[in-house]
Amino acid sequence: MSYGVYIHIPFCKKKCQYCDFPSWEGKEDLMSAYTQAIVKEIEAQEPFLAKAGPASSVFIGGGTPTVIPITQLERIIDAVRENIPLDPEAEFTVEANPGTVTLEHMTALYTMGVTRLSIGAQTFENDILERIGRIHTAQDIKDAVRWARAAGFTNVSMDLMYGLPGQTMKNLVDSIGSAMDLAVTHISVYGLQVEDGTPLKAKIEAGEITLPTDEETEAMYDYVVNNLPPYGFARYEISNFARDGFESRHNLGYWSDKPYIGFGAAAHSYWGGRRTENLRTPEEYIASIERGESPALPEEPSTPEIQMAEFCFLELRTVRGIDREQFEKRFGCTVESVYQKVIDDLKSKELLTSDEKYIRLTPKGMKLGNVAFRAFLL
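Here the residue index of a chain counts from 1 through its sequence in written order. For this predicted model, a pLDDT threshold of at least 70 governs which residues receive local features, and a threshold of 80 or more governs which side-chain atom pairs are given and counted, while totals over whole chains, interfaces and linings are taken from all residues. With hydrogens and water set aside, each side-chain value is computed from the structure's full complement of heavy atoms.

(A) The arrangement of the overall build of the protein chain in detail. A run of H or I in DSSP counts as a helix once it spans at least four residues, and a run of E counts as a strand once it spans at least two, with each numbered from the N terminus. Looking only at helices and strands, the protein chain features 16 helices and 16 strands. Only C-alpha atoms enter the radius of gyration, while the globule expectation follows 2.2 Å times N to the 0.38, with N the number of residues. Against the globule reference of 21 Å for 378 residues, the protein chain gives a C-alpha radius of gyration of 21 Å, in line with a compact fold. Buried residues are those whose accessible area, probed at 1.4 Å on protein chains only, stays under 20% of the maximum for their type, while exposed residues exceed 50% and partly exposed ones sit between those limits. The proportion of buried residues among the 378 residues of the protein chain is 51%. Taking the intrachain contacts of the protein chain between residues at least 6 apart in sequence as the baseline, contacts between residues at least 24 apart amount to 71%. The contact criterion used throughout is that any non-hydrogen atoms of two residues lie within 4.5 Å.

Written as structure tokens, this is what we have:
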């Protein structure tokens, strides 16, 4: 059975202004205990995963995985290799913040068997980086990619954002040009989401920060969608573009109903149709592991209707769309038998199209994805 492994590192040198992910700054004193807890949690799952077969992907994300000492990251990676069977061609990704890496860091990761780096650039405009609370500069991004190449990495992904405070179309165009100059193999481009409880939202409400208009943000989206393909980056998911053969296998697993197991604070797992989440804070997580208890929270009951909806709106994120055959194999009925009215309605709005094998979003549907996703929540 093909499955993925996710490991969450919840520490950051500085929390970004827009971030509502489970990550924290100023908790360096917990890093050693947290590493030990992760190792123990992985070791506890060894008998189960030995029977499950080889994992097809491993993803260490955060937070900022590269903010913890490299020796601790090595302990976690060693625990993965010693306790989890991996496919010989398994994709092994680590997220890297340009402000927390060196050539030595990159070389160590490559030597440990990491095959893919995901670099959080966001933009190459220094004033915007400072405005959103990033700790790196444009030069740091360029250095990080250069060091990754020098270390031996051939699979380097980069995250960019649009709709950022003070960002103009020229800023976005220049950032994409800079990414192209660095010859990355994969690009994720996300529109800024202003989340409740973040410093960014408070500053916007106080009038301290202004965002691009809806029209400007839409134009930025259109530029990304229309101009990355000519550079050789095919769109394979709403926010993700890759050169041929460099699609993220781990993330494709999320969007294709593949099981995965998560380790660490706030990590999610999806196995046998059940979704669970670990205790959210590092302190709660460490204490649970030290007591010899499972860190997984009691799962919320799921229903076939919820599982069908999740299957549909996750697969709809991909350019391929909903696989009719897989839906029927998974649920024992056709997708039309459940969602015919929804499909017809979205087609009438030009958000959906279909053929004999797949039901997919149109270009307009990709832009208005949340409208389509909500429609499947019957």
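Moving on from the coordinates now.
(B) Summary view of the state of the cysteines. The disulfide criterion is simple: two cysteine sulfur atoms within 2.5 Å. Summed over all chains, the structure comprises zero disulfides. The cysteine Cys12 is free of any disulfide, with Cys19 supplying the nearest cysteine sulfur at 6.4 Å. Note on Cys12: relative accessible area 11%, which makes it buried. A disulfide-free cysteine, Cys333 has its sulfur positioned 9.5 Å from the sulfur of Cys312, the nearest such atom.

(C) Structural detail: unusual backbone geometry. Looking along the chain, the bond that leaves Gly62 and enters Gly63 is cis, with omega of 20 degrees. Within the secondary structure, Gly63 sits in the loop between strand 4 (55-62) and helix 3 (70-83). Phi angles above zero are rare outside glycine, and Ala183 is one such case at about 60 degrees. Mapped onto the elements of the fold, Ala183 is located in the loop between helix 7 (169-181) and strand 8 (186-191). Even without a glycine there, the phi angle at Ala266 is positive, about 65 degrees. Residue position: Ala266 is located in the loop between strand 11 (260-263) and strand 12 (268-271).

(D) Highlighting the pattern of salt bridges. A carboxyl oxygen of Asp or Glu within 4 Å of a side-chain nitrogen of Lys or Arg is what we treat as a salt bridge. Enumeration over the complete set of coordinates arrives at 16 salt bridges. One salt bridge connects Arg317 with Glu237, and the closest N-O pair in it is separated by 2.5 Å. Here the residue Arg317 occupies a position in the loop between helix 12 (304-315) and strand 14 (322-323), and Glu237 occupies one in strand 9 (residues 234-237), the gap between them amounting to 80 residues. Accessibility expressed as a relative area gives 1% for Glu237, which makes it buried. The salt bridge partner of Arg275 is Glu310, with a shortest N-O separation of 2.9 Å.

These figures come from the coordinates and say nothing about function on their own.
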